[in-house]
Amino acid sequence: MLSDLHIRDVGVIEDVAVELGPGLTVLTGETGAGKTLVVSALELLLGARADTDRVRAGADRAFVEGCVTPPPPGAADWLDDGDDTLVVAREVGGSRSRARLGGRLAPVSALAEMLGDVVEIHSQTDTSRLSAPAVQRDMLDRSGGPDLAAAREAYQAAYERWYAASAELAALVEGERDRAREVDRLRFELGEIDAVAPQAGEEDALKAELHRLEHAESLTQAARTAAAALAEEGGARDALGAAVAALREVAGVDEELTALTGRVEGLAAEGQDLAFDLAAYAEGLELDPARLSELRQRRGDLAALTRKYGPDAAAIAEYADQAREQLARLEGGDQRAAALSTEVAEAEAARDSAAQHLRDERRAAGERLADAVAGHLADLALPGAAMSVSVEPIEPAAHGADRVVFLLAANPGEPALPVGKAASGGERSRVALAVRLALADADATPVLVFDEVDAGVGGATALAVGEKLARLARGRQVLCVTHLAQLAAYADSHLVVEKASGEGRTTATVRRVDETERVTELSRMLSGEAGGAAATDHAAELLASAQASLEAPTRRRA
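Residues numbered from 1 in each chain as written. Predicted model: local features only at pLDDT ≥ 70, side-chain atom pairs only at ≥ 80, totals over all residues. Heavy atoms only, no water.

Under the defined criterion, the tally for this structure stands at 2 cavities of 30 Å³ or more. Roughly 70 Å³ of volume is contained in the largest cavity. As for the largest cavity, its lining consists of L5, I7, V16, V18, L20, L27, V38, L479, L495 and V510. Counting only elements with at least two residues in the lining of the largest cavity, the list comes to β1 (2-10) and β2 (13-19). Considering only residue class, the lining of the largest cavity consists of 10 nonpolar, no polar and no charged. If you add up the space inside the second largest cavity, you get close to 30 Å³. (1 Å grid on protein atoms, 1.4 Å probe; cavity = no way out; pocket = protein on both sides within 12 Å on 5 of 7 lines; lining within 4 Å. Points joined across faces, edges and corners; volume = space filled by probe spheres on them. Helix = DSSP H or I, 4+ residues; strand = E, 2+ residues; numbered from the N terminus. Nonpolar A, V, L, I, M, F, W, Y, C, P; charged D, E, K, R; others polar.)

Before going further, it helps to spend a moment on the pattern of salt bridges. Overall, the coordinates contain 24 salt bridges when judged by the stated rule. Among the salt bridges present, the one from R100 reaches E91, with a minimum N-O distance of 3.6 Å. As a salt-bridge pair, R524 and E521 come within 2.7 Å of each other at their nearest N and O atoms. Residue R524 and its partner E521 are both found in helix α18 (residues 515-527); the two are separated by 3 residues, about one turn of the helix. Of the two residues, R524 and E521, neither departs from the other in class, the shared state being buried. (Salt bridge = Lys/Arg side-chain N within 4 Å of Asp/Glu carboxyl O. Buried < 20%, exposed > 50% of the residue type's maximum accessible area, 1.4 Å probe, protein only.)

The description of an aromatic ring pair rests on the distance of the ring centres and on the angle between the ring planes. Taken as a whole and assessed by the stated rule, the structure comprises 5 aromatic pairs. A connected cluster of aromatic rings, assembled from ring pairs, spans Y155, Y159, W162 and Y163. When the ring centre of W162 is taken as reference, the NZ or CZ atom of R351 above it lies at 4.4 Å. (Phe/Tyr/Trp six-rings, centres within 6.5 Å; stacked < 30°, edge-to-face > 60°. Lys NZ or Arg CZ within 6 Å of the ring centre and 35° of its normal.)

Once that is clear, we can look at the side chain of E189. Within the secondary structure, E189 sits in helix α6 (residues 176-196). In this structure E189 touches Y309 and Y319, once residues within four positions along its chain are discounted. (Contact = heavy atoms within 4.5 Å.)

Spelled out as structure tokens, the structure:
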């Protein structure tokens, strides 16, 4: 529950701190005193859109802080060890809004996520919103319990599968022309690459062979000249032969010279072999204009590919592999379209089956909700009113394939019409309240806030509303802004909002009243003026009657 609430500089509220307890707490006060500002502050605490107009004139920013005890599920990341209360705060003003959870800065969206299942606000605008089909559908779904929730979840999963397959198929069909162009482009590029068929590492070998052929004439001449210098008469071979002959004449005389002789003999043999190799190189290196032209063409082809598809043959091959994979996918478009058509048909059948199951659950929940609302309507002075919930098929959407309409026959014998058309303003208020009470019975939201939802209600009906809210508050916390003394008499705690002017400013305050002051406030609500004898006696009677009513066993409906 909300154990404490601190509001500063919101509208005419300057600085208010209120302790809140369990059960039913009412906020009362004269018209325009600022009661609804308390609800507005709570809405800010729940992450509502920040409006700088809510900031008190002359203040930099508005501030709202509340304590939630025990901390809601999921609050562990915002708590220190041993914390049994989550402090939630919101500042509005300046260029941006700030939120805090557990004293730490948090996104404003985190407030709604943290408190959305803890605090629920029903405002005056909900009465007119009740006629909106989407609102009625959500109310019905909330009342349906786990079976309806599971059916809706199953439908949404089936709908998403159908939608995804349908969107893919539509995109495939609509993109047929683009797909054909892409197929042509990829085929052309792969044709270019396959025509050249570059091999990894061939660039270096090509460069070396091309360089050799481009200089073949000068290479041949150099090799022949070198071979002649070694092998012709009077050349190096003869000189080395003479040196070998001279040394052999003194072979064996001196070991050192013998070793040198071996070296000269080896040099002479190497010179002779080198001469043969140079001659063979010169004979083998022939001018080949055709081969040279072929190599130059190959170099040009490779260069053209590298400009388009990658810096070398390896990169070009990688690009070609990717292009082939993409081409295979695109060329399989017809097969994919056929498979998708089957998938869409199957998903549509599953969606329709899930939609029918959801519709059945909604209709069953509608009967239960209508029964629950009927009991509340009888207590709210509409005993002859009959509510029903129409659930009819429409085109499938994310929320289902149903149009949900709340129908009301305000009086016996009258046809059932949509709530917005069948009820007067006061009746519509009571229908809206009955629906909210039925929904509150169906879920376990720990904190409920009602902002003058009793508008258009009075007399004995107001007593019934008060008793219903008081019983609703058993085991939870209910805050209610009201102008009805009959309702306020049922409260466990009574807060009065008062407005005063001084030093050129108007300021609203909130204070808790004791039993004596409470009688005075109720008398003001009854007669418009506090303290009158008749109104005071009436107020005291209201309090006593309300207390006795709550102590009596809950009335059973026929």
